[in-house]
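Structure at a glance
Spelled out, the chains give:
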Amino acid sequence: MDMIKRLGEICNIVSGGTPSRTQTKFWENGNIPWIKIGDIKSKYVNEANEHITQEGLDGSSAKLLQKGTILYTIFATLGEVGILTIEACTNQAIAGITIKNQEEVLPDYLYYYLKSKKAHINEIGRGVAQNNINMSILRGLNVPLPSVQNQQKIAEILDMISNLIVKHKQQLEKLDELIKARFVEMFGDPFVNEKKWDVKKISEVVTEVRYGTSKPAVDGGKYPYLRMNNITDDGELDLNNLKYIDITDEEIEKCIVHKGDILFNRTNSIELVGKTAMYNLDEKMVIAGYIIRVRLKSCLLPEVLTQYMNLKPLKILLRSVAKGAVNQANINAQEFQNIEIYVPNIDLQNEFVSFKNHVDKSKVVVQKALDEAQLLFDSKMQEYFG
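Residues numbered from 1 in each chain as written. Predicted model: local features only at pLDDT ≥ 70, side-chain atom pairs only at ≥ 80, totals over all residues. Heavy atoms only, no water.

Things to note about the sheet that holds strand β14 (residues 243–245)
Pairing is mixed across the open sheet formed by 4 strands, whose spatial order is β14-β13-β19-β15. The open sheet has two edge strands with one neighbour each: β14 and β15 (256–257). Bridge analysis of β15 against strand β19 (residues 285–287) gives 2 bridges, and the strand direction is antiparallel. Paired with I256 across the two strands is V286, which belongs to β19. (Pairing = 2+ DSSP bridges. Helix = DSSP H or I, 4+ residues; strand = E, 2+ residues; numbered from the N terminus.)

Here it is in structure tokens:
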């Protein structure tokens, strides 16, 4: 039977801190990496978007963490894990965990153990505005400790599967980039319009623009309910965490989506407002009020408008158009329809759609391999950590 020890017994755990933003000497020309939650993107953390000065470190509760320190998020986004490959500080949303005796606990093994606790930590996290856990909860986690040899074997197996997952994700990203590059090659820059296409406002190429319903989801509802989290930032549908809703026959046509409809996320955080996807399923679903349903005239194909709206220059434009509120930004139907778009000839549009469909077939194959690798990873994590 594996030995079990509390995390606080085998590790030193400290929280981070934020130097005062009003003190420019704490930030200006700083060269000490200062890690935030968004900087923890993979197993190894090797860079930061912000830096502080030595005065900022000395004049605040921030602490300089050494290479090999495990980072663990304890506020807002809970349970994200990374291993520092540089010396760095963190903000107070991230705890720094250093192993007392690496002849007893291997960092890679502890990384995966902590990663396995994400769902548990999110269940017990508490807070009025944003979830958090205190340091005593973190120190009290029970860590199973097999022999170091077994820890090494577990970490190697999980590393192998993780690397496979990363590889498949990179393949999907490259295929997405291929589609984007082909779009610009065929149709040109959206703002330069060097190919001299007709330019029209979206209002001129639509037959209908309609908001979804504000009714809440219900258990056992008749229709799947698409909400803003079901649209990804790169224009795909994500049907994980799908909820359901009941709608009367009189209301259904006002908020149901059909294959070929455009879905525009009108309200979200400033980084995510304006997410756009084409609904490409045969099943009928209902959209929530934060989504606008758009139907197009025959002069513009939905795949073309969706790709246009997901170009980086358009993302920047949407953020400039959006009106801000507390933690939210909004683009209403009229503002959306005022956006200008070039309208290439229909034969070229069809050529692009044919190309995209071909690449999408490759994406399906890669996605299947990714799903299988993720399933294997989850199974092994359950086997090792329960």
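A short note on the side chain of N230
Within the element layout of this structure, N230 appears in the loop between β13 (223–226) and β14. At 2.8 Å, the side chain of N230 forms a polar contact with the backbone nitrogen of R227. One polar contact links the side chain of N230 to the main-chain carbonyl oxygen of N240, over a distance of 3.3 Å. Excluding its chain neighbours within four sequence positions, the residues that come into contact with N230 are Y225, E236, L237, D238, L239, N240, N241 and L242. (Polar contact = N/O pair within 3.5 Å; in protein donor to acceptor, adjacent residues only side chain to side chain. Contact = heavy atoms within 4.5 Å.)

Brief notes about the packing of aromatic side chains
The full count for this structure, using the stated rule, is 13 aromatic pairs. For the pair Y109 and F385, a centre-to-centre distance of 5.5 Å together with 55° between the ring planes defines the contact as tilted. Here Y109 is found in helix α3 (residues 107–116), whereas its partner F385 is found in helix α11 (residues 346–385), with 276 residues between them in sequence. A single burial state applies to Y109 and to F385, both of which are buried. Aromatic ring contacts, followed pair by pair, group F183, F187, Y308, Y342 and F352 into a single cluster. The ring centre of F355 lies 5.7 Å from the NZ or CZ of R182, which sits over that ring. (Phe/Tyr/Trp six-rings, centres within 6.5 Å; stacked < 30°, edge-to-face > 60°. Buried < 20%, exposed > 50% of the residue type's maximum accessible area, 1.4 Å probe, protein only. Lys NZ or Arg CZ within 6 Å of the ring centre and 35° of its normal.)

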